[in-house]
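# Coordinate analysis (summary)
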Amino acid sequence: MATAQVREWTGLQQFPAQTQTALHSLLGRLRQENMESLTVLVLGKGGVGKSSTVNSMVGERVAVVSAFQSETLRPIQCSRSRAGFTLNIIDTPGLVEGGCVNDQALDIIRRFLLNKTIDAVLYVDRLDGYRVDNLDKQVIRAIARNFGPQIWRLALVVLTHAQLSPPDGVEYSDFVARRSAALTDAIRQEAGFKKAEDTVPVVLVENSGRCNTNTGGEKILPDGTVWLPNLVERIVEIATGPAKSLLIDKKLIEGPNANQRGKLWIPLLLLFQYFFVLKPIQSRINRDIEDERQNRPQWEVRAEQFRRTSMLEEERADEQAITDAFKQDNLDDLGELGDQFEGLDDDDDEF
Amino acid sequence: MAGLTCTNTGLSTGSGLLSHCADVFICSDSGAHSSVQPGGRGRGMRSLRGSATGPKKQRASSQNNVLSSFPWRRVVSCVAGVASGFGSVSAIAILSGGNGGGWGGEGGGYRGGGDGNGGHWWRNIFDNGMAFADGRNDDSEQYDSHGLRVDLRVHITKLNPNKRYKISEVELVDKRTKQAVSSKDPFYELVTLRPGSIATKAQLESEVENLLNCGMFQTVEMEGVTQADGSMKMQISFVESQWQPADSFRCVNVGLLSQSRLPDNEATMNDQQREEMAKIQEEEYKTRLRRARPCMLPKTVEREISGWLRTETRVTARMLQKIRDRVQRWYHEEGYACAQVVNFGNLNTNEVVCEVVEGDITKLQIQFLDKMGTPCEGVTKLQIIGRELPDQLRPGQVFNIEAGKKALRNVNGLALFSNIEVNPRPDEETDGGIVVEVKLKELEQKTAEVSTEWSVVPGSSGRPTLASIRPGGSVTFEHRNLYGLNRSILGCVTSSNLFNPQDDLGFKAEYVHPYVDGVDDPRNRTFKASCFNSRKLSAVFTGGTGQEEVPAIWVDRAGMKVNLTENFTRQSKLTYGLVVEEVTTRDETSAICTNGARTLPSGALSLEGPPTTHSDTGIDRVAFLQGNLTHDNTHFVNGTPVGSRNIFQWDQGLGIGSRFPFFNRHQISLTQFVQLQPEDTKDQLKPPPVLVLHGRYGGCVGDLATYDAFTLGGPYSVRGYNIGELAACRRFLELATELRIPINKTHAYGFLEYGTDLGSSKDVRGNPTEFFRRAGAGASYGVGVKLGSIRAEWAQDCNAGSGSLFVRFGERF
C-alpha cells in the first residue's frame with residue numbers, strides 16, 4: 001500500500017536552498033550505494049519530540065503534534081519519494097506510560113514493523129533531560145529485548161530541544177558532551193556493546209519554530225551548526241555503514257522459538273532417561289528388596305530355616321516308622337540299658 | 001477378644017492389644033488343656049492329698065519300689081503353665097506328679113494320679129488361681145478371731161472349719177535349711193494366700209493341696225501361728241523337689257507330637273507288667289525325643305543354662321523354674337507368644353531335657369464376620385486375603401506375633417475391612433498346635449457420600465459471614481470390591497454450586513482393577529482407568545513479589561487416563577500410562593481466554609500477556625504418555641522418617657493433538673533423610689535429630705504449553721513465597737535442606753531453600769515470569785515447629801527481605 005501511494009517529497013523544496021543541495025548530495029551518495037529507499041524508525045519516550053523531528057525532516061506536517069498531550073497512538077509511516085528515491089520514516093508512540101515501559105506500545109510497534117527492513121533507528125530524547133535514570137535504562141533494554149540488541153547498532157541518538165542555555169557555569173559543548181556520553185554509556189551497557197565498539201552517534205535537533213536561523217534561513221544550533229543536513233548525513237552514514245539493515249521478521253519479534261529447540265533430540269533424551277535415570281532407580285529398588293531380604297528380622301530367618309527342616313521332617317517320619325519297627329525287635333537290649341540306670345537310682349533313696 | 005485386632009483406623013490400637021495377646025491367649029490355652037484331662041486332674045488331687053498327710057516312711061519305701069521297677073523314672077514330669085487369673089495370680093508354675101509325691105504310698109497313686117493319662121510327661125494345668133480368686137471374693141472384711149493362745153503353732157487340720165481366719169503374714173520355710181526363704185523367692189509366686197486376706201480352713205487346705213500339686217515340692221505343710229490381734233501368721237514349710245546334678249541342658253520341640261496313652265488298669269497290674277510298661281514307656285520317651293524336632297532356642301541360651309546347671313550341686317525345682325522362665329522369656333521376647341515349656345524330662349541324668357511347645361500352626365482359618373460379629377459368608381475371595389498373609393502364618397510354621405502384625409498390616413492395606421483380628425487359638429485336635437484365625441469384618445460394598453462446604457469470609461463489620469448462600473461440595477459414589485476381587489468403581493462429582501452445577505462441574509470416574517497378572521501371580525500390578533474433568537487455578541499466571549492481583553486463569557482439564565501401577569515394595573512403585581485430555585483455559589468469568597492479562601499501572605488491563613495454550617485458541621487437545629517411578633525406602637524411627645525417597649516423573653508427548661505437540665517433560669526429585677543420632681531406645685517417643693537434604697530438577701524439551709510450565713515458589717517448592725511467585729519456567733532447580741531437632745515428643749526445624757529457573761523463563765512462550773514481574777530465582781530460610789500434623793513456621797523471603805508466619809498441614813518433604 002505504501003509503494004502505491006508514495007507521494008512526491010514536496011517538503012524538500014521548501015527547505016532553504018543550502019539545505020536542499022546538502023540533502024541532494026546525500027541522496028546522491030545513497031544512490032551510489034544502490035539504495036533506492038531508506039527506512040528510518042523513530043523511537044523514544046513520550047513527549048520528547050519524535051513526531052516533531054519527523055515533521056522537521058520531511059518538511060511537512062505529517063504527524064500531528066500537540067504541546068500538551070501525546071497525539072501519536074499508533075505507528076505512522078510516511079513515505080516520500082524524490083527522483084526515484086524513497087524515504088520512509090516510521091513515527092511511533094511513546095514507549096513510556098505512567099512511569100513504566102509501555103509493553104503494549106512496544107507490541108504494537110513490533111506488529112507494525114513486521115516484515116519491514118529498518119536501515120536506521122533514531123532514538124529520540126531531550127537534551128535538557130539532566131540525568132539518565134532507571135526508566136531510560138528500562139526503555140533501552142526493552143528496545144533491545146523486543147527487536148534484538150542488533151537494533152542498537154543502527155541507532156542514532158537524537159537529542160531534541162537543543163537550543164538551550166546550559167545551567168550556570170557549564171559550557172554548551174561541555175553540557176552536550178556530558179549529556180550524550182551519559183546516554184550512550186547507558187545504551188552501551190544495556191545493549192551489551194563491547195568496549196572496543198564505536199559508541200552510538202549523537203545528533204542535536206531543535207524543532208521549535210523559535211530556532212535560530214543563519215543568513216540562508218537554515219536552522220542552526222547554539223554552536224552554529226546547521227542541524228538538519230547534519231542529521232540526514234548521520235542517517236546516511238549509518239545506512240551505508242557496516243551495520244546491516246534489520247529485517248523485522250516473526251522470529252525476531254517472538255524471539256527464538258524454544259518449543260522447536262532440541263525437539264529432534266527427544267528420542268535420544270528418552271533413551272538417556274531410560275538407561276541413566278530409570279534403570280539406576282530401578283536397581284536401587286532392587287537393592288532395597290535385597291537388603292530387606294538380607295536384614296529381615298530374626299523370626300523370619302528362623303521361620304525359613306525351620307520350615308526347611310520341617311519339610312525334611314516328613315521324610316524322616318517315614319524313616320522313623322521303619323526304624324521303630326526294627327527297634328521293637330531289640331527291646332531286650334533296651335531293658336539292659338535300663339538296668340544300668342538302676343545303679344544310679346539308689347542315690348535318690350533319701351526322698 | 002484375644003490376639004491381634006485392627007480396627008480400620010490404624011495399627012496403633014492393634015499393637016496396643018498385641019501386648020495382651022500373649023497373656024490372654026495362654027489363658028485360653030490352659031483352659032483347653034485342663035478340660036482335656038478332667039479325670040486325671042481329679043485323681044491327681046486325691047493322690048497328692050494323701051501325700052501331704054500320709055506317713056512319710058511308707059511313702060519312701062513305696063517310692064523305692066516304684067523307682068526300682070521304673071529305673072528311668074527319675075525322669076519327672078514337670079509341667080509348667082502360665083495362667084492368668086483374676087489379677088491376683090499372674091503366673092503359676094505347676095509340676096504335676098512331682099518326684100516327692102506320694103504315689104507309691106497311695107497304692108500306685110502316682111500313676112493313677114499324675115500319670116493317670118498315661119506315661120506322658122505332659123502337662124496338667126490346674127487353674128487353682130481362679131478357684132481361689134472366687135473364694136476370696138468374699139464381700140466383707142470381717143473375720144473371726146482364732147480364739148487360741150497367742151504364739152501357738154496350729155496345724156491347719158486342727159483349725160475350726162467354721163471360722164474365717166485373718167492371715168497377717170505368710171512365711172515360707174525350707175525344711176532342709178530350717179530357714180525362712182527371702183520374700184523375693186520365686187516360690188512366693190506359687191502361694192496365693194496374701195497377708196491381710198481372710199481364709200477358711202477349707203481354703204487353706206486346698207492351698208496346701210495346690211502347692212503340692214504344682215510339683216515343686218516333695219512335702220508341704222502349713223501351720224498357723226496365732227497372733228495377739230486374733231489373726232494368724234501362716235507358716236508353710238516345704239521340702240523342695242531335687243534331682244541329681246546335671247551338667248548339660250537341651251531343649252526339644254515336642255509340638256504336635258501325639259501323646260502316648262497307657263492302659264488305665266494300672267492298679268491291677270502286677271510288678272512284672274509294671275516293669276514291662278516301664279520299658280515301653282522308656283522306649284516311647286526315647287522315640288519321642290528322637291522324633292522331637294529341633295527347637296529354635298539358640299545354642300547360646302542353651303549354653304548359658306548349662307552353665308547354671310554346672311554350678312549347682314543339685315537340680316532343684318527352683319532351678320527348673322528359673323530355666324523355664326529363661327527359656328520362655330527368650331521365646332516371648334522373640335515374639336513366639338504361644339511358646340511354652342511343657343515339661344522337663346531326663347531329670348536325674350546328666351542332661352536336663354526341656355520340652356517346649358513352640359506353637360506350631362496347624363491351620364489357618366479365614367472367617368468373615370457380619371456387623372453383629374457372627375460368622376457369615378464373605379464377599380472377598382480368599383485368595384485376595386491369602387496373598388496378603390505372610391508365609392510365616394501358614395501351617396507348618398511357628399506362630400510369631402510379628403507375623404501376625406505383618407498380616408494385620410497387609411490386610412489392613414487392602415482397605416476392604418473395617419475390623420481385622422488375627423487370633424492364635426489352640427488347636428483342639430492336635431496337641432500343641434495353633435489355629436490362626438483371621439477374622440474380618442467387611443466394609444459396605446456400596447457407599448455414597450455427600451459433602452458440602454460453605455465458604456466463610458470476613459464480612460464488612462469484621463464478623464465472619466457466609467461468602468454466598470450457595471453450598472459447594474461433592475457427591476461421591478463408590479462400589480468397592482467388585483466380584484470380591486478388590487476391583488472398584490468410584491464416581492465423584494464436585495461443584496462450587498450444588499444447586500446449579502452446570503457452571504463448573506468437576507467429575508471423576510475411576511475403575512481400579514488390581515492383580516492384573518492374576519490373583520495368584522506374585523507380581524502386583526494394578527490397572528486403573530479414569531475419566532476426569534477438573535478445574536484448577538494456574539500458578540503460571542500469578543504475580544511476583546509485591547505485585548498486585550493478577551487476573552486468575554483457570555485451567556480445565558477433561559479427558560481420560562489409563563495406567564498400570566506396579567508395586568515393588570510397600571512404598572516403591574512404577575506407574576505408566578496414557579493420558580488423553582482437552583485443556584481449556586478460562587478467565588474469571590469462565591470465558592475461554594487465549595492470553596494472560598495484567599493490570600497496568602494506569603489501571604487498564606493488558607490483555608496481551610503470554611498465550612495460555614499451545615494452540616493459541618484457548619483449547620488444547622493432547623495425548624501423551626505418563627510415567628512415574630518412586631523409590632522410597634524411608635522407615636520410621638520413633639515416629640520420624642529416615643531413609644531416602646527418589647521420584648522420577650516424565651511425560652512424553654506423542655505429537656498427537658492440537659499443533660502436534662511433541663515434548664519430553666521430566667522431573668526428578670531426590671530427598672534424603674539422614675539420621676544424625678542413634679535411635680533412643682529408652683524413650684520410644686523421642687525422634688532422633690534428622691537432616692533432610694532435598695534436590696529437584698525439572699525440564700521440558702519440545703512444545704511446552706504455558707499452563708504446563710514449571711512454577712517455583714510455594715509450600716512444596718520454596719517456602720516463604722506464594723505458589724508460583726518466583727517463576728514459571730522451562731527448566732528449574734530447587735535445593736532445600738532442613739534440620740529437625742527433637743523437642744519433647746515432636747520436633748522443631750530450621751530450613752534453607754533455594755529455587756532458580758536456570759534462566760529458562762524466556763524459553764516459555766510469552767515469558768510469563770517477566771510479564772508478571774517475577775524474580776526468576778529466590779531463596780528463603782526459616783524455623784518452624786511441628787504440632788501433630790500441623791506445621792507452624794516462620795519463613796524469611798530473601799528477595800523482599802520480609803518474614804512471614806505460615807501454618808500448614810502435612811509435610812514439606
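Keep in mind that what you see is a predicted model, and the values were worked out from it rather than measured. (Residues numbered from 1 in each chain as written. Chains lettered and ligands numbered in written order. Predicted model: local features only at pLDDT ≥ 70, side-chain atom pairs only at ≥ 80, totals over all residues. Heavy atoms only, no water.)

The helix and strand inventory of chain B stands at 13 helices and 39 strands. Within the span of chain B, comprising 813 residues, buried residues form 53% of the whole. Here the contacts in chain B between residues at least 6 apart in sequence split such that 65% fall between residues at least 24 apart. Summed over all atoms, the accessible surface of chain B reaches about 35,200 Å², with 54% contributed by carbon and sulfur. (Helix = DSSP H or I, 4+ residues; strand = E, 2+ residues; numbered from the N terminus. Buried < 20%, exposed > 50% of the residue type's maximum accessible area, 1.4 Å probe, protein only. Contact = heavy atoms within 4.5 Å. Areas by Shrake-Rupley, 256 points an atom, 1.4 Å probe, with all protein chains shown as cover.)

Each helix and strand counted, chain A has 11 helices and 11 strands in total. Sequence separation of 24 or more characterises 74% of the internal contacts of chain A that already satisfy a separation of 6 or more. Approximately 19,300 Å² of chain A is accessible, and the part contributed by carbon and sulfur atoms is 51%.

Residue and element names in this part refer to chain B. As summarised here, the arrangement of the three strands in space is 9-12-11, forming an open sheet in which the pairing is mixed. Since the sheet does not close on itself, it has two edges, and those belong to strand 9 (248-253) and strand 11 (340-345), each with one partner. On average, each strand axis in the sheet is inclined to that of its neighbour by 25 degrees, with strand direction left out of account. By the bridge criterion, six bridges tie strand 9 to strand 12 (residues 351-357) in an arrangement that is parallel. Looking across to strand 12, one finds that R250 is bridged to V353. Each of strand 9, strand 11 and strand 12 is contacted by helix 10 (residues 317-333), which is oriented at about 145 degrees to strand 11, the strand it contacts most. (Pairing = 2+ DSSP bridges. Axes fitted to C-alpha atoms, helices over the stretch in contact; angles between N-to-C directions.)

As a further point, take the pattern of salt bridges. All names here are of chain B. Summed over the entire model, instances satisfying the criterion amount to 50 salt bridges over all chains. As a salt-bridge pair, E171 and K233 come within 3.7 Å of each other at their nearest N and O atoms. Linking E171 in strand 3 (residues 164-174) with K233 in strand 7 (residues 232-240), this pair joins segments that are 62 residues apart in sequence. Classification of E171 as buried rests on a relative accessible area of 15%. (Salt bridge = Lys/Arg side-chain N within 4 Å of Asp/Glu carboxyl O.)

Residues and elements named next belong to chain A. With numbering matched to this structure, UniProt assigns "binding site: Mg(2+)" (unreviewed entry) to S51 and Q69. The residue S51 is located in helix 3 (residues 50-58) in this model. In this structure S51 comes out as buried when scored by relative accessible area, which is 10%. (UniProt positions renumbered as here; feature names shortened; annotations may be inferred.)

This brings us to the side chain of B:H631. Along the chain, B:H631 turns up in strand 28 (residues 619-632). Looking at B:H631, its side chain comes within polar contact range of the side chain of A:D288, at 2.8 Å. Residues contacting B:H631, with those up to four places away along its chain left out, are A:I281, A:R284, A:I285, A:D288, B:S572, B:S644, B:R645 and B:N646. (Polar contact = N/O pair within 3.5 Å; in protein donor to acceptor, adjacent residues only side chain to side chain.)

Let us look at the sheet that holds strand 3 (residues 76-82) of chain A. Residue and element names in this part refer to chain A. Ordered by their spatial adjacency, seven strands build an open sheet running 1-3-4-2-8-9-10, and the pairing between neighbours is mixed. The sheet is open, and its two borders are formed by strand 1 (7-8) and strand 10 (202-204), each paired with just one other strand. In this structure, strand 3 lies alongside strand 4 (residues 85-91), joined through seven bridges in antiparallel fashion. Counted as the bridge partner of I76 is D91 from strand 4.

A few words now on the nonpolar core. All names here are of chain B. Membership of the largest hydrophobic core comes to 83 residues, with the highest contact counts inside it found for F249, I323, V327 and Y331. The greatest single-element share of this core, amounting to seven residues, is contributed by helix 10. If we ignore the near neighbours within four places in the chain, the residues touching F249 are L297, E302, I305, S306, L309, I323, V327, F344, V352 and C354. (Core = buried A, V, L, I, M, F, W, Y, C linked by side-chain atoms within 4.5 Å.)

The next thing to look at is the packing of helix 3 of chain A against helix 7 (residues 227-240) of chain A. Residues and elements named next belong to chain A. Close contact between helix 3 and helix 7 brings their axes to 10 Å; oriented N to C, the two are set at 95 degrees. Here helix 3 lies roughly perpendicular to helix 7, going by the angle between them. On helix 7, the residues touching T53, S56 and M57 of helix 3 are W227, L228, L231 and I235. Considered class by class, the residues forming the contact of helix 3 with helix 7 number five nonpolar, two polar and no charged. (Parallel < 35°, antiparallel > 145°, perpendicular 65-115°, else oblique. Nonpolar A, V, L, I, M, F, W, Y, C, P; charged D, E, K, R; others polar.)

In this section: unusual backbone geometry. Most peptide bonds are trans, and most residues other than glycine sit at a negative phi. Residues and elements named next belong to chain B. The residue F660 is not glycine, and still its phi comes out positive at about 45 degrees. For F660, the position within the fold is in the loop between strand 30 (640-657) and strand 31 (663-675). The exposure class assigned to F660 is exposed, which follows from its relative accessible area of 60%. Notably, R773 is not glycine yet its phi reads approximately 55 degrees, a positive angle.

With that settled, consider the packing of aromatic side chains. Per the counting criterion, the structure on display carries 14 aromatic pairs over all chains. Seen in terms of ring centroids, A:Y274 and A:F275 are 5.1 Å apart; in terms of plane orientation they differ by 85 degrees. Their pairing is edge-to-face. Looking at A:Y274, the relative accessible area reads 38%, which means it is partly exposed. For A:F275, a relative accessible area of 47% corresponds to the partly exposed category. An angle of 80 degrees between the planes, with centres 5.0 Å apart, marks the rings of B:W330 and B:Y331 as edge-to-face. You'll find B:W330 and B:Y331 in the same group, each marked buried. Positioned over the ring face of A:F112 is A:K116, at 4.5 Å from the centre of the ring. One cation-aromatic arrangement involves B:R719 over B:F751; the distance from NZ or CZ to the ring centre is 3.9 Å. (Phe/Tyr/Trp six-rings, centres within 6.5 Å; stacked < 30°, edge-to-face > 60°. Lys NZ or Arg CZ within 6 Å of the ring centre and 35° of its normal.)

Along any regular strand, the residues point their side chains to alternate faces of the sheet. All names here are of chain B. The buried fraction of strand 15 (residues 417-426) amounts to eight of the 10 residues, a majority that puts the element mostly inside the structure. Where strand 15 meets strand 16 (residues 433-442), nine bridges bridge the pair, whose relative direction is antiparallel. Across the sheet, E421 pairs through a bridge with K439, a residue of strand 16. Here strand 15 hands over to strand 16 after six residues, with G432 in that stretch at a positive phi of 75 degrees.

Residue and element names in this part refer to chain A. The terminal C-alpha atoms of helix 7 lie 20 Å apart, and with 14 residues this matches the ideal 20 Å at 1.5 Å per residue to within 8%. For helix 7, the set of buried residues is W227, L228, P229, L231, V232, I235, V236, I238 and A239. In this structure, the buried side of helix 7 is in contact with helix 2 (17-32), strand 2 (37-44), helix 3, strand 8 (120-126), strand 9 (155-160) and strand 10. (Expected span 1.5 Å × (residues − 1).)

In this section: a nonpolar patch on the surface. Residue and element names in this part refer to chain A. A grouping of L264, W265, L268, L271, F272, Y274, F275 and F276 is seen on the molecular surface, where their side chains present a nonpolar patch of about 970 Å² in accessible area. Among the structural elements, L268 can be located in helix 9 (residues 266-294). The exposure class of L268 is partly exposed, given its relative accessible area of 48%. (Patch = residues over 30% accessible without salt bridge, like charges linked within 9 Å, V, L, I, M, F, W, Y side chains within 5 Å.)

On to the confidence of the model for chain B. Close inspection of predicted coordinates is inappropriate in any region flagged by low pLDDT. Residue and element names in this part refer to chain B. Per-residue confidence for chain B averages 76 on the pLDDT scale, and 78% of its residues sit at or above 70. Contacts of residues 5-140 to residues separated by more than four positions or lying in other chains number 279 contacts, the stretch itself having pLDDT below 50. Confidence drops under a pLDDT of 50 for residues 260-264, and excluding neighbours within four residues, the segment shows 11 contacts in the predicted structure. (pLDDT = per-residue confidence, 0-100.)

This brings us to the pairing of strand 6 (residues 217-226) of chain B. Residues and elements named next belong to chain B. Burial analysis of strand 6 places eight of its 10 residues in the buried class, the great majority of the element. Where strand 2 (residues 153-155) meets strand 6, three bridges bridge the pair, whose relative direction is antiparallel. From the neighbouring strand, H155 faces strand 6, where its bridge partner is E223. One ladder, built from nine bridges, connects strand 6 with strand 7; its direction is antiparallel. Following the sheet pairing, M222 is matched in strand 7 by I236.

Turning our eyes to something else, we now look at the confidence of the model for chain A. Within chain A, residue pLDDT values average 80, and 85% of them lie at 70 or more. Contacts of residues 332-351 of chain A to residues separated by more than four positions or lying in other chains number 27 contacts, the stretch itself having pLDDT below 50.

Residues and elements named next belong to chain B. Looking at where I592 falls in the secondary structure, it is placed in the loop between strand 25 (573-586) and strand 26 (598-599). Residue classification places I592 among the partly exposed residues on the basis of a relative accessible area of 42%. Taking the C-alpha atoms as reference points, I592 and G618, separated by 26 residues in sequence, lie 6.0 Å from one another. Once residues lying within four places of it in the same chain are set aside, the contact partners of I592 are T584, T585, R586, T617, G618 and I619.

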